[in-house]
Amino acid sequence: MTVARHVAAAVLALTLGVGTYLMLDGQTSRESSREAAPSVAYTLLDGTPSSIDSLRGKVVLVNFWATSCAVCVREMLQIVATHERFKARGFETLAVAMSHDAPASVVHFAQSQRLPFGVVIDNTGTVARSFGDVRLTPTTLLINKRGDIVKRVVGEPDFVALDRLVEQLLAEI
């Protein structure tokens with residue numbers, strides 16, 4: 001394969017979101033341009049300080065949401081189900097309430113729905129900015145055990161496909 005054809009194949013693979021492409025020597029290589037999850041610290045609703053770095057070694061779903069977002073509220077039941085299905089296998093979920101969301105509404109929702117995972121009120125917008133200046137809700141990201149963002153979905157995810165991807169990521173060493 002010529003260098004030009006290799007570059008064209010790599011660009012096409014990246015454009016189409018294909019996870020692998022052929023290298024010059026015929027070896028298959030994982031896409032190296034995955035975005036690393038940011039090293040951002042936050043405080044959970046219960047007052048516990050934490051960070052994305054502390055979750056390394058786990059598969060992590062980060063969901064940016066708002067109580068005023070009907071899709072966010074509706075999909076939260078599916079996020080809870082996904083969390084419950086995989087939590088015993090090294091899966092974590094982090095729900096990040098956007099800065100425009102009233103803290104009292106977030107606390108009420110989290111308590112009334114008994115959310116079984118970490119909830120953050122991103123009142124300064126630091127977490128959203130760290131993840132690429134997230135502005136739209138819902139936005140869901142999936143992070144692998146190495147700390148790479150492998151999926152970013154704006155809008156409601158296809159939860160069947162998301163669960164398949166979580167299974168694959170949990171199986172990785």
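Residues numbered from 1 in each chain as written. Predicted model: local features only at pLDDT ≥ 70, side-chain atom pairs only at ≥ 80, totals over all residues. Heavy atoms only, no water.

**Re empty space enclosed by the protein**
Summary: where empty space remains is shown by rolling a probe the size of a single water molecule over the atoms.
(1) Moving on: Scanning the entire structure with this criterion turns up one cavity of 30 Å³ or more.
(2) Moving on: Approximately 60 Å³ is the volume attributed to the largest cavity.
(3) Moving on: Residues belonging to the lining of the largest cavity are distributed by class as follows: five nonpolar, two polar and four charged. (1 Å grid on protein atoms, 1.4 Å probe; cavity = no way out; pocket = protein on both sides within 12 Å on 5 of 7 lines; lining within 4 Å. Points joined across faces, edges and corners; volume = space filled by probe spheres on them. Nonpolar A, V, L, I, M, F, W, Y, C, P; charged D, E, K, R; others polar.)

**Brief notes about the nonpolar core**
(1) Moving on: Membership of the largest hydrophobic core comes to 25 residues, with the highest contact counts inside it found for W65, M76, F91, L115, F117, V119 and L142.
(2) Moving on: Of all the secondary structure elements, the ones that give two or more residues to this core are β6 (59-65), α2 (70-86), β7 (91-97), α3 (103-112) and α5 (159-171).
(3) Moving on: Apart from the residues lying within four places of it in its own chain, the contact partners of L115 are M76, V80, F109 and A110.
(4) Moving on: Y42, V96, V134 and L141 belong to the second-largest nonpolar core, a separate cluster that totals 19 residues. (Core = buried A, V, L, I, M, F, W, Y, C linked by side-chain atoms within 4.5 Å. Buried < 20%, exposed > 50% of the residue type's maximum accessible area, 1.4 Å probe, protein only. Helix = DSSP H or I, 4+ residues; strand = E, 2+ residues; numbered from the N terminus. Contact = heavy atoms within 4.5 Å.)

**Considering unusual backbone geometry**
(1) Moving on: Cis rather than trans, the peptide bond between T137 and P138 has omega equal to -10°.
(2) Moving on: Examined against the element boundaries, P138 turns out to sit in the loop between α4 (126-130) and β9 (139-143).
(3) Moving on: With a phi close to 50°, R114 is a non-glycine residue in the positive phi region.
(4) Moving on: Examined against the element boundaries, R114 turns out to sit in the loop between α3 and β8 (118-121).
(5) Moving on: The phi dihedral of D133 is positive, around 60°, even though this residue is not glycine.
(6) Moving on: For D133, a relative accessible area of 35% translates into the label partly exposed.

**Section: the environment of V62**
(1) Moving on: Checked against the element boundaries, V62 lands in strand β6.
(2) Moving on: V62 gets classed as buried once you look at its relative accessible area, which sits at 0%.
(3) Moving on: In the structure, V62 is positioned 87 residues away from I149 in sequence and 9.9 Å away in space, judged by C-alpha atoms.
(4) Moving on: If near-sequence neighbours (up to four positions away) are discounted, V62 is found in contact with I52, L94, V96, F131, T139, T140, L141 and I143.

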